[in-house]
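Overview (structure and organization)
Here is how the chains run, residue by residue.
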Amino acid sequence: MISLNGVSKFFSIKHGMLSRDKLTVKALNNISLTIGEKEIVGLVGESGSGKSTLARIVMGLYKPDTGYFTFDGIDSRTMTKNDWKQLRQNLGVVFQDPVSSMNPWMSVEKIVSEPMVIRKRKERIPKKQRRDRVVEILEATGLSSNDLVKKIHEFSGGQRQRIAIARALVLKPKYLILDEPISALDVSIQAQILNLLMDLRKQYGFAAIFITHDLSIVRWFSDRIAVMYLGHIVETARADVIFEKSRHPYTKALALSKLDTDVHRREFYTLPGEIPSPVNAPPGCPFEPRCTRAVPECTKAFPLATHISDGTLFHCYNPLEVE
Ligand SMILES: Nc1ncnc2c1ncn2[C@@H]1O[C@H](COP(=O)(O)OP(=O)(O)OP(=O)(O)O)[C@@H](O)[C@H]1O
Ligand code: SF4
Ligand SMILES: [Mg+2]
């Protein structure tokens, strides 16, 4: 299990090109979230809400400024480099743009076997076994042993994402981070890659954090969904109830928002009002400037969590009533 407990992440940025003043971007505010064994947790929210920052915390790329996380019971505050190395083998990552993390001169075999080779020499899997494993995972992702010697530029966008998925799964990790893995692909290819991920899930039984802007996909692919707004998780619930029985006004607004059909646009939701800047985040509930249900308490402090018996959790002073 991966569990984030009160995690915050702040970035310091310059006020202007020439200014010495520093401003603080509150990218994550007191986030708590668990990803259970074999569970797929979808993360949704407008651009800049902190989804990738949360993923980067779990990947060990950022240290939390407050709070901590545990990874299979090991606490991030006391994690040694060695612990982290061991844990990292249980975490595969797939990004929107696979090419940026692949060396264009390397063969597919080298790219996919990379996670196996970065181990210490004496701990490495023998070369023959490595190749067998690469072929096995390439075949599982719809490629073949004929592709071993090819270079990345010889493949289409969908095939490159298959290679990225093969690399992420080559060590059979327990967890995957999928940060908008299909957003850059054509719609017809998106369905193929999603179906592939579903098949691989059945075969390998991984848990995942699945980040996407597409609500119809997240509903279908995830077990549970967390909705983020300006560095906060505002609601978490089962995927089959969150948009039908939303408690938080922002979740409801997302559910009712028009889905943009242009897959190449970054923003899929069209909501009235502007998302405030995380630099000047208002005190209290960050959704207050856009919320039609706001009450006076909303500007004072961020609401505490309310738990519902079906597992829903939300932060709101004036939630929607549901049957
Ligand atoms: N390295 C950084 N330095 C400064 N600010 C950052 C950095 N990384 C992220 N931020 C800021 O933190 C906030 C959250 O960013 P993040 O990339 O996590 O959002 P996101 O939800 O993944 O957005 P998108 O949907 O566009 O990918 C944004 O305001 C972003 O500008
Ligand atoms: S806390 Fe207040 S402002 Fe925030 S979503 Fe709920 S009602 Fe709206
Ligand atoms: Mg992102």
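Located above this text is the structure these notes cover.
From a predicted model like this one, the values you see are computed outputs, not experimental measurements. (Residues numbered from 1 in each chain as written. Chains lettered and ligands numbered in written order. Predicted model: local features only at pLDDT ≥ 70, side-chain atom pairs only at ≥ 80, totals over all residues. Heavy atoms only, no water.)

**Thoughts on the pattern of salt bridges**
Counted according to the given criterion, the structure contains 15 salt bridges. Note that R77 and D75 form a salt bridge whose closest N and O atoms lie 2.7 Å from each other. By relative accessible area, which is 55% here, R77 ends up exposed. Under the relative-accessibility criterion, D75 is labelled buried at 17%. Where E136 meets K172, a salt bridge forms, and the shortest distance between an N and an O atom there is 3.8 Å. Residue E136 is found in helix α4 (residues 127-140), and its partner K172 is found in the loop between α5 (157-169) and β7 (175-179); the two are separated by 36 residues along the sequence. Here E136 falls in the partly exposed class, since its relative accessible area comes to 39%. Connected through shared salt-bridge partners, E37, D72 and K174 make up one network. (Salt bridge = Lys/Arg side-chain N within 4 Å of Asp/Glu carboxyl O. Buried < 20%, exposed > 50% of the residue type's maximum accessible area, 1.4 Å probe, protein only. Helix = DSSP H or I, 4+ residues; strand = E, 2+ residues; numbered from the N terminus.)

**A few points about the sheet that holds strand β5 (residues 74-75)**
The four strands lie next to each other as β2-β1-β4-β5, forming an open sheet whose pairing is antiparallel. At either margin of the open sheet sits one strand with a lone partner, and together these are β2 (22-35) and β5. Inspection of the sheet shows strand β1 (residues 2-14) paired to β2 by 10 bridges, in the antiparallel sense. Bridge pairing links F10 to K26 in β2. (Pairing = 2+ DSSP bridges.)

**Some remarks on the sheet that holds strand β9 (residues 224-229)**
Strand order in the open sheet formed by eight strands is β6-β7-β8-β3-β9-β10-β12-β11, and the pairing between neighbours is mixed. Looking along the sheet, the strands with just one partner apiece sit at the ends: β6 (91-94) and β11 (306-307). Pairing between β9 and strand β10 (residues 232-238): six bridges, direction antiparallel. Bridge pairing in β10 places A226 opposite T236. Lying over the sheet, helix α1 (residues 51-58) contacts β3 (40-44), β6, β7, β8 (207-211), β9 and β10, oriented at roughly 150° with respect to β8. (Contact = heavy atoms within 4.5 Å. Axes fitted to C-alpha atoms, helices over the stretch in contact; angles between N-to-C directions.)

**Some points on the site of ligand 1**
Around ligand 1, a shell composed of 17 residues is seen, among which S47, G48, K51, S52 and T53 lie nearest. Its free accessible area being 640 Å², ligand 1 has 69% of it covered by the protein chains. Of all the elements in the fold, those that place two or more residues in the shell around ligand 1 are β1, β2 and α1. Per-element tally for the shell around ligand 1: the top contributor is α1, with three residues. When the residues that make up the shell around ligand 1 are grouped by side-chain class, the tally is six nonpolar, seven polar and four charged. (Near = heavy atom within 4 Å. Areas by Shrake-Rupley, 256 points an atom, 1.4 Å probe, with all protein chains shown as cover. Nonpolar A, V, L, I, M, F, W, Y, C, P; charged D, E, K, R; others polar.)

**Comments concerning the packing of α5 against helix α6 (residues 187-204)**
Interaxial distance between α5 and α6 falls to 10 Å at its minimum, and their mutual angle equals 20°. Judged by the inter-axis angle, α5 sits roughly parallel to α6. Of the two possible hands of crossing, α5 and α6 adopt the one that is right-handed. Contacts between α5 and α6 involve G158, Q161, R162, I165 and L169 on the former and, on the latter, I189, Q192, I193, L196, L197, L200 and Y204. Considering only residue class, the contact of α5 with α6 consists of eight nonpolar, three polar and one charged. (Parallel < 35°, antiparallel > 145°, perpendicular 65-115°, else oblique. Left-handed = near helix turned anticlockwise from the far one by under 90°.)

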